[in-house]
Structure formats: C-alpha cells, structure tokens
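# Residue-level structural notes
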Amino acid sequence: MPISAWRIATRHYNQAAVIGHFLSEGLGIPIEEYWATRSGTSAQHHLSKVQRSINASRVYQLTSRGIDPWYEHKQRRNKGAFTVAIIDDVITTGVTVNALAQQLKARYPNLDIQVWAVTFTPPPKSTLVDTH
C-alpha cells in the first residue's frame, strides 16, 4: 500500500513495504513497490466509511508504469490470469484496498487480486473477536 510523502518523511518507512519485502524474500516472489501513489496527507483512520471511499478514489492512483512489466511478461508467457497481492499492514474498512483493486482491474482485466494483511479492525460488536 502506498503512503503519502509526508508519512514517509515523518516515519521514514512504509510498514506495508517492509512486510512486502519480507514476504517477497521468504516466498521467492517479486515485489513492485511503486505501482501506485498516494497524494495528500490526511489519514484515513479518522474518516467514516463513506468519507474514506471518497478520499481513497481521490488520493490513490496507479502510476503510469503500474505493474506493466510483470503483467506483460506473464501475458506473453501464459496468456492467462495473473495474480497479484496488495499488501497492507491493517485493514480497517477495506475501502482503500478496494479502490486500488478496482483501478488495477480496470487497467489489467485478466488480473486476479488478493489482499494480504497482518491484521484487521473488526467491526463494532463483531463476533469475529472473542472478548471473554
């Protein structure tokens, strides 16, 4: 997941990229860190789901290169589906990964997209988390 230039400047690293590099090395799969960009500096976590959706479609964009080298190579070799994983540290509502997945599918129609995350924020009163 791309983060803003401001966040990189203050944090000095992208958590999702760090996770991605470990996964890439451990699983022996390629990583493309600069396939999308994020403009603006506002954090998503304080916005409502509707506000996040509007913000995500506005601030996240595929780069002009996207995943072209990987996709084109795979299409020449297999002419079939190509699978990519969007890696995120935390999924809160899924709006951000959904916005980027929609942009990827629009540009690369034969793309299968997976989302890999370290954790998620369960919805209020969720039965997914045992509180006892």
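All values reported here derive from a predicted model rather than from experimental measurement.

## Focus on the nonpolar core
Among the nonpolar cores identified, the biggest contains 21 residues, and Met 1, Trp 35, Ile 67, Ile 86, Leu 100, Leu 104 and Leu 111 are the most heavily contacted of them. Elements with a contribution of two residues or more to this core: helix H3 (49–59), strand E2 (60–62), strand E3 (82–91) and helix H5 (95–107). The biggest single contributor to this core is H5, with 6 residues. With sequence-adjacent residues up to four places away left out, Ile 86 is seen in contact with Met 1, Trp 35, Val 97, Leu 100, Ala 101, Leu 104, Ile 113, Gln 114, Val 115 and Trp 116.

## A short note on the confidence of the model for the chain
The predicted coordinates ought not to be read in detail in places where the model reports low pLDDT. A residue-level look at the chain finds 90% of positions with pLDDT of 70 or above and a mean pLDDT of 85. The spread of mean pLDDT over the elements of the chain runs between helix H4 (residues 68–78), the lowest at 77, and helix H2 (residues 15–27), the highest at 95.

## Some words on unusual backbone geometry
A positive phi angle is found at His 12, which is not glycine, with a value near 75 degrees. Among the structural elements, His 12 can be located in the loop between helix H1 (5–11) and H2. Relative accessible area serves as the criterion here: at 64%, His 12 is assigned to the exposed category.

## Looking at the pairing of strand E4 (residues 111–120)
Note that E3 and E4 share 9 bridges and pair parallel. Note that in E4 the partner of Thr 83 across the bridge is Asp 112. On the question of chirality, the crossover connecting E3 to the parallel E4 by way of H5 is right-handed.

## So, the pattern of salt bridges
All told, the structure shown has 1 salt bridge when counted by the stated rule. Ionic pairing is found between Arg 65 and Glu 32, a salt bridge with its closest N-O pair at 3.0 Å. Here Glu 32 lies in the loop between H2 and strand E1 (36–38) and Arg 65 lies in the loop between E2 and H4, a separation of 33 residues in the sequence. Judged by its relative accessible area of 42%, Arg 65 is partly exposed. Look at Glu 32 and you get buried, because its relative accessible area is 18%.

Reading the values: rules and limits
Residues numbered from 1 in each chain as written. Predicted model: local features only at pLDDT ≥ 70, side-chain atom pairs only at ≥ 80, totals over all residues. Heavy atoms only, no water. Core = buried A, V, L, I, M, F, W, Y, C linked by side-chain atoms within 4.5 Å. Buried < 20%, exposed > 50% of the residue type's maximum accessible area, 1.4 Å probe, protein only. Helix = DSSP H or I, 4+ residues; strand = E, 2+ residues; numbered from the N terminus. Contact = heavy atoms within 4.5 Å. pLDDT = per-residue confidence, 0-100. Pairing = 2+ DSSP bridges. Right-handed = clockwise from strand over helix to strand, strands pointing away. Salt bridge = Lys/Arg side-chain N within 4 Å of Asp/Glu carboxyl O.

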